[in-house]
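# Structural features, examined
Below, each chain spelled out in residue letters.
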Amino acid sequence: MRVGARIALVTLCCLLAVAGSAVAQSDFKVVEIEIEGNRVATSSLILGVSSIAVGSSLTPTVIQTTIHRLYGLGIFSSVELEADEVPGGIKVYIVVKELPKLTDLEFSGNDKIDDKDLTEKLGLGVGGYISPYLIHSKQQQIADAYAEKGYFQAEVDWKLSYNEDSTEAGLEYKIDEKSKVKVEKVIMTGNSRVKADDLIKKMRNRKRGFLRSSDFAKEKYDEDLEKVITEYHKKGYIDAFLISDSTTIDSVTNRMTIFLEVYEGPRYYFGTSSFKENEILPSELLQGLMKHQEGEVFDAEKYDESIFEIYTAYQEVGHLHIRVLDERTTRADSLIDVSYTISEGLPSHVNLVKIVGNNRTKEKVIRREITVRPGQVFNRSLLIRSVRDVMALNFFANVEPVPVDLPNGDVDIEFNVEEKQTGQISAGAGYNSQDKLVGNLGMGIPNLGGNGQNLSFNVEFGKNRNSFSLSFTEPWLFGRPTLVGSDLFMINRRWYDDYTEGRQGGSIRLGRRLRWPDNYFRVFASYRLERNRFYDYDDDFEALNSANTYNNYIWTEVVDGDDGPQINTRTAADTVTGEPIPGSIVAYNEDWNTASKIALSISRDSRNLPEFATKGSQFTYTFENTGGPLGGFWKYQKHEISFAKFVPIVGNLALAARAQYGAILGSSSDVEDNRVLVSDRFNPGGTAYDGIVRGYDDGSLTPDSVVSTSDQYLYYYANPDSVDVGVDAPDSLVSSSPYTTRVRGKYMFVTNLELQFPVVRQQVYALAFFDAGNSWLHLEDIKPFEDLYRGVGFGFRIMVPGIGTIGFDFARPLDDPPNGDDKTWRTHFQIGTTFR
């Protein structure tokens, strides 16, 4: 080598390879190392990563290792080694070229995926080095992201914008999204006895109907392939399998064709089922658990369900560690006989019951709802019931029981609870058609101090409604399942602009869980004492509800004349006096009247969840007696009965159905004398508490009462200047006879149907509904199949921490609203659920 002449890496490697001896290698002893081309990376960093050291020999292995390590730093676009012969050995030059640093990341042309989501997916941070490899790999990630959303034809390009010395660059990805790929058809081959359509319709990725998307969903593709084979196995073709699958895309139309080739195989049928080595449970019982019958098409799903039922049956008697070995034999080419060999083992006992995750709720509150006890033989039904009862507290978002096996075969049961925020503080305003704008301030603590007690108060204030309420409930008095509670309330409410109702009072409540007929039953009793008055009557309302007031009007009689109908005017002196309106409250003269009432109620609630149940039922019957032996002005009996059923449909979709009936009864004289408290009557409609019938105004589905029964009269308020009357009259009002006014019903029927689907479980629910209902004054007026107001619509519920469940419904009436409004869509807002 010539002294002072640099040798490139390739040349250097060749010389070292030729030398190949210890003598030659000693001639290539490194006496000095110099770094060139680095701007940001320090020389010490490069030397630290390099395998070349002063005083060591330079070998091909050392050279390759050094280059590999330096490239591995990810900050160099070029690494070269050069050497110069100097006295005593060689001087090595490490020449590097640094990658530019990323100063900016931009996206253009993207609409379906926003910049934020793309940035998070790529994980490129400003200030890091960018290499061609990195740019291309991120380019592919963008393309994959669009493919996942069905945009398989999306094109991604990139552009670097360097600064003056090329040490920094901005990166822009240019995206042409194109349109989504839609599935045009699925072509299946290999099937001979099962129609392709019967298999393809199970797939998500297929050509679908007008209202359903045919966009290709990549994440569902593997699942679709499994569904095809699963459907084969359910139809008895248990040997069926997928031979191949492929897809093609027409780049012009952006349509996909899916090709599936299957092996069908023979069809099988269920033969006999037999059981061996079972002693605890008899074969007859196990045979009854089978989901299939001899001779039926062999359904793999029913077969798996049958095995699950065997395990479940043994868990009911504590045998958690059984093993079921199934042996299938084929006879007559297509009949499959199954022999179940059962290793029963010993029953497992519950050792400890642990509760985990309760940070606010005291353990005793949870434990008293758990029917699984230490020392018991394990029972699956008791475990499921325990979960249901703890969830029914409505303090937890989820309760998960975890059996923990012990070496001796027993189990510990660990209940993992996830608490949800139960305290509710509300301050705001609301609006409804009855009360108009109402402000409110309230607080509800359903788990006071973690003891399971309920304390709440609420204040409402507005033009038509002002109220205050305070309530306390202890669900377990002295550690026993006996409920005790009390309430205080005060309400002033304006009804229909006609009058104001005032109510003041309080109540005490008792309740008890029952063990018979089963432990889903509860019984309640309460006593309420309140006083009521009606005052601040509207002039029109008072006039039309008082017979004496009629003498202040001019009445006009419509008669047939020579030239057609004519009006004969009659003065106040010969006015026909009308009868008081049934249900009139004017006669109470704004006096306070007492209501003394006792109520008895029995209920059965087997719902699996306190809100948005998917299984179980809810029944309630309440009898309430007011007055009579209890004293007080008001005298009547009130009966209410309600039944709700919850049925799972498919997946997480559930149907909730409810029917309610109410009746107010009493002696004939009491009812006719109107000794029935108006606020206890029924006024369903909208989201009213009495009965929910969406599509109509709140409380609007009430009967009419007639002022005058004569069809011969028109009446209007007279101008006092034109007639000699002793009182001032209101503004003119003309109405065709007979005149009617709205009163609240003494009989009511309401039914509700809801399809409920969890968009986000225990957080957001979507629903579609049908409601029907009405109220009547007299039993003979009830025509439940002809005289119901019906409404349909959709809505959603949101569980908001600190507030509770709020709902928005959009409903359209199917019948003409009783107030004369058009059959248009109405919006309803409510706190809580339809099925309270």
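Conventions used here
Residues numbered from 1 in each chain as written. Predicted model: local features only at pLDDT ≥ 70, side-chain atom pairs only at ≥ 80, totals over all residues. Heavy atoms only, no water. Helix = DSSP H or I, 4+ residues; strand = E, 2+ residues; numbered from the N terminus. Contact = heavy atoms within 4.5 Å. Polar contact = N/O pair within 3.5 Å; in protein donor to acceptor, adjacent residues only side chain to side chain. Expected span 1.5 Å × (residues − 1). Buried < 20%, exposed > 50% of the residue type's maximum accessible area, 1.4 Å probe, protein only. Salt bridge = Lys/Arg side-chain N within 4 Å of Asp/Glu carboxyl O. Core = buried A, V, L, I, M, F, W, Y, C linked by side-chain atoms within 4.5 Å. Pairing = 2+ DSSP bridges. Axes fitted to C-alpha atoms, helices over the stretch in contact; angles between N-to-C directions. Patch = residues over 30% accessible without salt bridge, like charges linked within 9 Å, V, L, I, M, F, W, Y side chains within 5 Å. Areas by Shrake-Rupley, 256 points an atom, 1.4 Å probe, with all protein chains shown as cover. Lys, Arg positive; Asp, Glu negative; His and termini not counted. Charge placed at Lys NZ, Arg CZ, Asp CG, Glu CD. pLDDT = per-residue confidence, 0-100. Parallel < 35°, antiparallel > 145°, perpendicular 65-115°, else oblique. Left-handed = near helix turned anticlockwise from the far one by under 90°. Nonpolar A, V, L, I, M, F, W, Y, C, P; charged D, E, K, R; others polar.

Relative to the elements of secondary structure, glutamate 590 occurs in the loop between strand 25 (564-570) and strand 26 (593-605). Along the chain, glutamate 590 and asparagine 532 lie 58 residues apart, while their C-alpha atoms are 9.3 Å from each other. Here glutamate 590 is in contact with Arg533, Phe534, Tyr535, Asp536 and Tyr537, once residues within four sequence places are set aside. Here the side chain of glutamate 590 touches aspartate 536 through a polar contact of 3.5 Å, landing on its backbone nitrogen.

Right, let's get into helix 6 (residues 132-148). In this model, helix 6 (17 residues) spans 24 Å end to end at C-alpha, consistent with the 24 Å of a helix rising 1.5 Å per residue. Turning to helix 6, its buried residues are Ile135, Lys138, Gln139, Ile142, Ala145, Tyr146 and Ala147. Those residues of helix 6 hidden inside the fold are in contact with strand 5 (101-108), helix 5 (115-122), strand 6 (155-162) and strand 7 (168-176). The first or second residue beyond helix 6 is glycine 150, which carries a positive phi of 95 degrees.

Below, the discussion takes up the pattern of salt bridges. Enumeration according to the criterion identifies 41 salt bridges in this entry. Put simply, arginine 331 and aspartate 337 hold a salt bridge, and the shortest N to O gap is 2.5 Å. Given the relative accessible area of 34%, arginine 331 is considered partly exposed. For aspartate 337, a relative accessible area of 13% translates into the label buried. In this structure, arginine 388 and aspartate 389 form a salt bridge, with 2.9 Å as the shortest nitrogen-oxygen distance.

Ile52, Leu58, Phe76 and Ile94 are the most contacted members of the largest nonpolar core, which has 24 residues in total. Counting residues per element, the ones that place at least two in this core are strand 2 (30-36), helix 3 (43-49), helix 4 (60-72), strand 3 (76-86) and strand 4 (89-98). Counting 21 residues, the second largest nonpolar core, distinct from the first, contains Ile370, Val390, Phe395 and Val417.

Pairing is mixed in the open sheet, where three strands are placed in the order 11-13-12. One side of each edge strand has no neighbouring strand; the edge strands of this open sheet are strand 11 (269-276) and strand 12 (323-331). Along the sheet, successive strands turn relative to each other by an average axial angle of 20 degrees, direction set aside. Of the strand pairs in this sheet, strand 11 and strand 13 (residues 335-343) are connected by six bridges, and their pairing is parallel. Within strand 13, the position partnered with serine 274 by the bridge is serine 339.

So, on to a negative patch on the surface. A surface patch of negative charge is lined by Asp104, Glu106, Asp114, Asp115, Asp117 and Glu120. Contributions of two or more residues to the negative patch are made by strand 5 and helix 5. No other element matches the three residues that helix 5 contributes to the negative patch. Along the polypeptide, aspartate 114 turns up in the loop between strand 5 and helix 5. Overall, aspartate 114 belongs to the partly exposed group, its relative accessible area being 40%.

Taken residue by residue, the protein gives an average pLDDT of 84. The fraction at 70 or more is 83%. Overall, residues 21-25 carries pLDDT values under 50, and its contacts beyond four positions in sequence, including any with other chains, amount to four contacts.

So, on to the sheet that holds strand 15 (residues 396-405). Spatial strand order, 14-16-15: three strands in an open sheet with mixed pairing. Each edge of the sheet is formed by a strand with only one pairing partner; in this case those strands are strand 14 (350-356) and strand 15. Averaged over all pairs of adjacent strands, the angle between strand axes in this sheet comes to 15 degrees, irrespective of strand direction. Relative to strand 16 (residues 411-419), strand 14 runs parallel, the two sharing five bridges. In the sheet register, valine 353 faces strand 16, and the bridge partner there is isoleucine 413.

What follows covers the packing of helix 5 against helix 6. The contact between helix 5 and helix 6 brings their axes to 10 Å, and the two run at 125 degrees. Considered as vectors, helix 5 and helix 6 are oriented oblique to each other. With respect to the hand of their crossing, helix 5 and helix 6 are arranged in right-handed fashion. In this structure, helix 5 uses Leu118, Lys121 and Leu122 to contact helix 6, whose residues at the interface are Lys138, Gln141, Ile142, Ala145 and Glu148. When its residues are assigned to classes, the contact of helix 5 with helix 6 shows four nonpolar, one polar and three charged.

In terms of burial, strand 37 (residues 804-813) is a largely internal element, seven of the 10 residues being buried. Taken together, the 10 bridges between strand 36 (residues 789-800) and strand 37 define a ladder with antiparallel strand orientation. Residue pairing for strand 37: valine 792 is matched across the bridge by arginine 812. Relative to strand 38 (residues 826-831), strand 37 is paired through six bridges, and the arrangement is antiparallel. Bridge pairing in strand 38 places phenylalanine 808 opposite phenylalanine 829.

Time to look at the environment of leucine 285. Tracing the chain through its elements places leucine 285 in helix 9 (residues 283-289). For leucine 285, a relative accessible area of 40% corresponds to the partly exposed category. Sequence-wise, leucine 285 and alanine 313 are 28 residues apart; in three dimensions their C-alpha atoms are separated by 9.3 Å.

As a further point, take the pairing of strand 28 (residues 636-650). When strand 27 (residues 616-626) meets strand 28, the two strands line up antiparallel, connected through 11 bridges. Bridge pairing links asparagine 625 to glutamine 637 in strand 28. Pairing analysis gives 13 bridges linking strand 28 to strand 29 (residues 653-665), with the strands arranged antiparallel. For proline 648, the partnering residue across the bridge sits in strand 29 and is alanine 654. In textbook terms, the turn of a hairpin is the stretch between consecutive antiparallel strands, and for strand 28 and strand 29 this stretch comprises two residues, one of which, glycine 651, has a positive phi near 60 degrees.

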